[in-house]
Amino acid sequence: MTKRDDALDYHSRGRPGKIAVVPTKPLNNQRDLALAYSPGVAEPCLAIQENPEDVYKYTAKGNLVAVVTNGTAVLGLGNIGALAGKPVMEGKANLFKQFSDLDVFDLEVGSEDPDDVIRFCQLLEPTVGGINLEDIKAPECFYIEETLRKTMGIPVFHDDQHGTAIISGAALLNALEIAGKDIGQIKVVFSGAGAAAISTAEHYVRLGVQREHILMCDRAGVIYEGRTEGDMDPYKARFVRKTQARSIGEALVGADVFVGLSAAGAVTREMVAGMASRPIIFALANPVPEITPEEVRAVRDDAIIATGRSDYPNQVNNVLGFPFIFRGALDVRATEINEEMKMAATRALALLAKQDVPDSVAALYGLRNVTFGADYLIPFPFDPRVLLWVAPAVAWAAVASGVAREFIDLEGYRERLEVRLGRARGIMRGLINRAQRAPKRIVFPEGEEPKIIRAAATLVEDGIAHPILLGDPERIGQIAEAARISLEDITIEDPATSEKRDDYAHYMWQLRQRKGLSLDEARRQLFNGNYFGSCMVARGDADALLSGVTMHYPETIRPALQVIGAHPSAKLVSGMYMLVTDRHVVFCGDTTVNIDPTAEQVAQIAFAASRITRMLGIVPRIAMLSFSNFGSVKHPDAEKMARATQLLKERDPSLIVDGEMQADTALSGEILRRDYPFSTLKEEANVLIFPNLAAGNIAYKLMHHLGGATAIGPILVGMRRPVHVLERGADVQDIVNMAAVAVVDAQERTQSVEPAFAAASPSPTIFSKL
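*Asks:* Looking at this structure, I do not really get the overall build of the protein chain. What am I missing?
*Replies:* Secondary structure assignment for the protein chain yields 31 helices and 21 strands. Its C-alpha atoms give the protein chain a radius of gyration of 31 Å, near enough to 27 Å, the size a compact globule of 770 residues would have. Dimensions of the protein chain, computed from C-alpha atoms along their principal axes, come out at roughly 95 × 75 × 55 Å. When each of the 770 residues of the protein chain is scored for burial, the buried share is 54%. Carbon and sulfur atoms provide 52% of the accessible area of the protein chain, an area that totals close to 33300 Å².

*Asks:* Looking at this structure, how should I read the packing of aromatic side chains?
*Replies:* Each aromatic ring pair is specified by the distance between its two centres and by the angle formed by the two planes. Scanning the entire structure with this criterion turns up 14 aromatic pairs. Aromatic pair Phe-99 and Phe-382: ring centres 5.4 Å apart, planes at 45°, arrangement tilted. Of this pair, Phe-99 sits in helix 5 (residues 86-100) while Phe-382 sits in the loop between helix 16 (359-363) and helix 17 (385-400), and the two are 283 residues apart along the sequence. According to the relative accessible area criterion, Phe-99 is buried, its value standing at 12%. Residue classification places Phe-382 among the exposed positions, given a relative accessible area of 52%. Ring centres of Tyr-504 and Phe-532 lie 5.0 Å apart, and the angle between their planes is 70°; on these two criteria the pair is classed as edge-to-face. Residue Tyr-504 is found in helix 22 (residues 501-512), and its partner Phe-532 is found in helix 24 (residues 529-538); the two are separated by 28 residues along the sequence. Assigned by exposure class, Tyr-504 and Phe-532 land together as buried. Each residue in the set Phe-96, Phe-157, Phe-322 and Phe-326 is aromatic and connected to the rest through ring pairs, giving one cluster. A cation over a ring is seen here: Arg-246 above Tyr-224, with NZ or CZ 3.7 Å from the ring centre. One residue, Arg-651, lies across the ring of Phe-607, its end atom 3.8 Å from the ring centre.

*Asks:* Please clarify how the side chain of Asp-32 should be interpreted in this entry.
*Replies:* Mapped onto the fold, Asp-32 is located in helix 2 (residues 30-36). The side chain of Asp-32 is buried and forms no salt bridge, while Arg-31, the nearest opposite charge, is found at 4.5 Å. Engagement of the side chain of Asp-32 in a polar contact is seen with the backbone nitrogen of Asn-28, the distance being 2.9 Å. Ignoring any residue separated from it by four or fewer positions in sequence, one finds Asp-32 in contact with Pro-26 and Leu-27.

*Asks:* Help me out: how do you make sense of the sheet that holds strand 18 (residues 656-661) in this one?
*Replies:* Think of a sheet as strands paired side by side through backbone hydrogen bonds, with each pair either parallel or antiparallel. Here we have 6 strands laid out as an open sheet, ordered 18-17-19-16-15-20, and mixed in their pairing. The two strands at the open ends of the sheet, each matched to only one other strand, are strand 18 and strand 20 (710-717). Each strand of the sheet is rotated relative to its neighbour by a mean of 20°, with strand direction disregarded. As defined by bridge partners, strand 15 (residues 574-580) adjoins strand 16 (residues 585-589) across 5 bridges and the pair is classed as antiparallel. Bridge assignment links Leu-579 to a residue of strand 16, and that residue is Val-586. Sheet contacts for helix 26 (residues 599-615): strand 15, strand 16, strand 17 (621-625), strand 19 (687-689) and strand 20; angle to strand 19, the most-contacted strand, approximately 165°.

*Asks:* Would you take a moment to explain helix 8 (residues 159-179) for this structure?
*Replies:* It helps to recall that an α-helix has 3.6 residues per turn; residues three or four apart then point in one direction. With 21 residues, helix 8 should reach 30 Å at 1.5 Å per residue; the first-to-last C-alpha distance of 29 Å fits that figure. Of all 21 residues that make up helix 8, 17 are buried, and the element is covered over most of its length.

*Asks:* I would appreciate a short explanation of the packing of helix 15 (residues 339-352) against helix 17 in the present structure.
*Replies:* The geometry of a pair of packed helices is captured by two quantities: the angle between their axes and the separation between those axes. Running from N to C, helix 15 and helix 17 cross one another at 150°; their axes reach a closest spacing of 8 Å. The angle between the axes of helix 15 and helix 17 places the two elements in the roughly antiparallel class. In the crossing of helix 15 with helix 17, the sense of the turn from one axis to the other is right-handed. Within the contact between the two elements, helix 15 uses Glu-340, Met-341, Ala-344, Ala-345, Ala-348, Leu-349, Leu-351 and Leu-352 and helix 17 uses Arg-385, Val-386, Trp-389, Val-390, Ala-393, Val-394, Ala-397 and Ala-398. Split into classes, the residues belonging to the contact of helix 15 with helix 17 amount to 14 nonpolar, no polar and 2 charged.

*Asks:* Help me understand the sheet that holds strand 14 (residues 544-547) in this model?
*Replies:* Spatial strand order, 13-12-11-14-21: 5 strands in an open sheet with parallel pairing. The two strands at the open ends of the sheet, each matched to only one other strand, are strand 13 (491-493) and strand 21 (723-725). Averaged over all pairs of adjacent strands, the angle between their axes in this sheet comes to 25°, without regard to strand direction. Here 2 bridges tie strand 11 (residues 440-444) to strand 14, and the two strands are oriented parallel to one another. The residue bridging Ile-442 from the neighbouring strand is Ala-544, located in strand 14. Sheet contacts for helix 24: strand 11, strand 12 (465-470), strand 13 and strand 14; angle to strand 14, the most-contacted strand, approximately 160°.

*Asks:* Teacher, can you tell me more about the pattern of salt bridges here?
*Replies:* Any two side chains of opposite charge can pair, so long as their charged atoms come close to each other. Under the defined criterion, the tally for this structure stands at 34 salt bridges. The salt bridge involving Asp-383 is made with Arg-385; its shortest N-O contact spans 2.6 Å.

*Asks:* Teacher, can you tell me more about helix 7 (residues 140-151) here?
*Replies:* Between the first and last C-alpha of helix 7 there are 17 Å, a value that for 12 residues agrees with the 16 Å anticipated at 1.5 Å per step. Those residues of helix 7 lying buried are Cys-141, Phe-142, Ile-144, Glu-145, Thr-147 and Leu-148. Where helix 7 is buried, its residues touch helix 6 (114-123), strand 3 (130-133), strand 4 (156-158), helix 8, helix 9 (195-207) and helix 10 (234-237).

*Asks:* Which parts of the structure should I look at to understand the nonpolar core?
*Replies:* Side chains of nonpolar character tend, in soluble globular proteins, to be buried together. Counting 97 residues, the largest nonpolar core has Ile-131 and Phe-282 as its most contacted members. Ranked by the residues each element gives to this core, the list is headed by helix 17, at 9 residues. Not counting residues up to four positions away in its chain, the partners in contact with Ile-131 are Ala-66, Val-68, Cys-121, Leu-124, Met-152, Ile-154, Pro-155, Val-156, Phe-157 and Phe-326. Among the nonpolar cores identified, the runner-up in size contains 64 residues, and Ile-453, Ile-490, Val-549 and Ala-730 belong to it.

*Asks:* What is the right way to read the packing of helix 14 (residues 322-331) against helix 18 (residues 410-421) from this model?
*Replies:* Where helix 14 meets helix 18, the axes come as close as 13 Å, and the angle between the chain directions of the two elements is 125°. Taken together, the axis directions place helix 14 and helix 18 in an arrangement best described as oblique. Seen along the crossing, helix 14 lies across helix 18 with a hand that is right-handed. When helix 14 is examined against helix 18, the residues Arg-327, Gly-328 and Asp-331 are found in contact with a partner set consisting of Tyr-413, Leu-417 and Arg-420. Each residue belonging to the contact of helix 14 with helix 18 can be placed in one class, and the counts come to 2 nonpolar, 1 polar and 3 charged.

*Asks:* Would you take a moment to explain unusual backbone geometry for this structure?
*Replies:* Negative phi is the rule for most residues except glycine; trans is the rule for most peptide bonds. The linkage connecting Ala-138 with the following residue, Pro-139, adopts the cis geometry, with an omega of 5°. Inspection of the secondary structure puts Pro-139 in the loop between strand 3 and helix 7. A cis amide bond links Gly-713 with the next residue in sequence, Pro-714, at an omega value of 0°. In this structure, Pro-714 sits in strand 20. At Asn-314, a residue that is not glycine, the phi angle is positive and equals roughly 60°. As for its position among the elements, Asn-314 is in the loop between strand 10 (304-307) and helix 14. Under the relative-accessibility criterion, Asn-314 is labelled buried at 6%.

What counts, and at which threshold
Residues numbered from 1 in each chain as written. Predicted model: local features only at pLDDT ≥ 70, side-chain atom pairs only at ≥ 80, totals over all residues. Heavy atoms only, no water. Helix = DSSP H or I, 4+ residues; strand = E, 2+ residues; numbered from the N terminus. Rg over C-alpha atoms; globule rule 2.2 N^0.38 Å. Buried < 20%, exposed > 50% of the residue type's maximum accessible area, 1.4 Å probe, protein only. Areas by Shrake-Rupley, 256 points an atom, 1.4 Å probe, with all protein chains shown as cover. Phe/Tyr/Trp six-rings, centres within 6.5 Å; stacked < 30°, edge-to-face > 60°. Lys NZ or Arg CZ within 6 Å of the ring centre and 35° of its normal. Lys, Arg positive; Asp, Glu negative; His and termini not counted. Salt bridge = Lys/Arg side-chain N within 4 Å of Asp/Glu carboxyl O. Polar contact = N/O pair within 3.5 Å; in protein donor to acceptor, adjacent residues only side chain to side chain. Contact = heavy atoms within 4.5 Å. Pairing = 2+ DSSP bridges. Axes fitted to C-alpha atoms, helices over the stretch in contact; angles between N-to-C directions. Expected span 1.5 Å × (residues − 1). Parallel < 35°, antiparallel > 145°, perpendicular 65-115°, else oblique. Left-handed = near helix turned anticlockwise from the far one by under 90°. Nonpolar A, V, L, I, M, F, W, Y, C, P; charged D, E, K, R; others polar. Core = buried A, V, L, I, M, F, W, Y, C linked by side-chain atoms within 4.5 Å.

Here it is, written out as structure tokens:
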């Protein structure tokens, strides 16, 4: 199948096109119909008539953007008309939804008269919260946007003009920092003088580039004073210069920066060779740049390069801008997107590029250990953190510049944005906020692992924990230096040379001398970071232990069970996962420890899970899972889960729990209400308790890998002191998340006689032969 066939099949299969209107309210019966339409719909109509601002309360206007085009400059296809441009506008709508959860009407205007486009957009103001102008040719696009900004009270933004300006502006700031150049002194050459080039040049001027240091070239060559060749309009005229340069090659001699917004092959190797030292080359024509990175490298190995393509480093992609700019603008009901808001977006992107890149983001691009530098000037388009950085920056700039009609609490706003990214982020944000209130000392036995070092730096920077890295200080220092990671406020302890070794060896020997451990063996075991770290926690030199990124689960937890052991009030140790999908947040236990628990132990596992759920502010609804529904199958395994249900109800009558039941019953409120009205569960369960380890372990992995659920865990409950295990291969963000869990665990233990994480000792487990 050819690329053309692929593209046509993609757009035609199933429901044609790429977007659909999805209702946000139920319409299942006559009552719903009466509320959604006549007569109930009259009430919000009258409320809006009385107070027009109520339109944001009762309708989707505040989350709705119109993407408007007349098809006169569609991608690289030119003037193909409004109808032929519709697939592009649907694609734009999809990007708005996927990246910032904004809804879109794509609207194709069948006129090339700019005044028709203006009038059309003006009539849309009651319908939408903002207008994104798209693929409209220059110079008409300037006239249209300027007129609409003056005459409308909602944001209007021509992405073709400003998107490239904002994103490449961030890349420029960071490239200049790496090259060691002063923005006020650089010479910049543009290839192309269309909407994007002119807007980008103006944005660079606002960033600090001197206007007289910019040379702009169109098809006729350099735009110089007195030129009679080629088209000229008032927008190009802003960049007329007194210069002897007539061609782009002459303009590039000694230039510091090249910005290509023109066509493939516009620049040659010889031209690049004549540029200044550490040249910055933004060849942004798509799909083929003005000059390829390979061609640049052949003559200038000191160049810093960006393109518009995803297969090269530093992709200048407008998707880093428009979804988040509109998100911030609409969330404060801005009347326009002004220069302060655009500048805020540029600076937020530039700053984000200097932050640590999560492994999960780098992995999308087949990369590892991505750090700020010549090959990473701006964030990746699929980095979910962009929403959390750019939208708040834009929103706050709107407030500060006086164009916002709604004030925001910045921290609360970020939390709401995280919820838009997914429930897992919202829940984790709550845990991180709690951790930041009273950070604890977290010991990491795998202190020489680069991911752990990077996570430790993040924990310090975000004020989540006080990390302690175990390992050779020299080795840790080398890894950190190579990755440009600061070790400030990170404690490093070497188990091989620590002055605590003798104390810890005697502690372990006294603890396990009647289990065959000699003093010499205890000393040898302390070379293992998990034993040393467990001793630190047991002796009060650390508040919690977090390990497992390079080890199998039993290797990680066995030393902790031997040295720290179960909590005195607990009767078993168990492990649980929090799984998050678009529709569900569920807690699963036991998924990691107990092979075939008894009914009593299952009840204790469920009780522990309920305490964790409550700690996170979620009311637990517990389902005891089996292959049977309420006695439908007579079998010891089903009867065990029914017995566990009864025991848990006796222990805590306030809990919402029932079973035994099948998984589909547990996750369907409709089945529960229809077929089992006697059940104490009336809604879908959010705590799933499995009859054995095989079921629990298999189920959570299937939900994670096939169902796309985000897995947070394993969360270990029942230990004497906080010990938590990382999944083998966990990325930096997973480590940070679990460190927050460990900190909250340690906090809980200082506030409660029977903390949540200790609510659940030796039983038939994978560690039974300790």
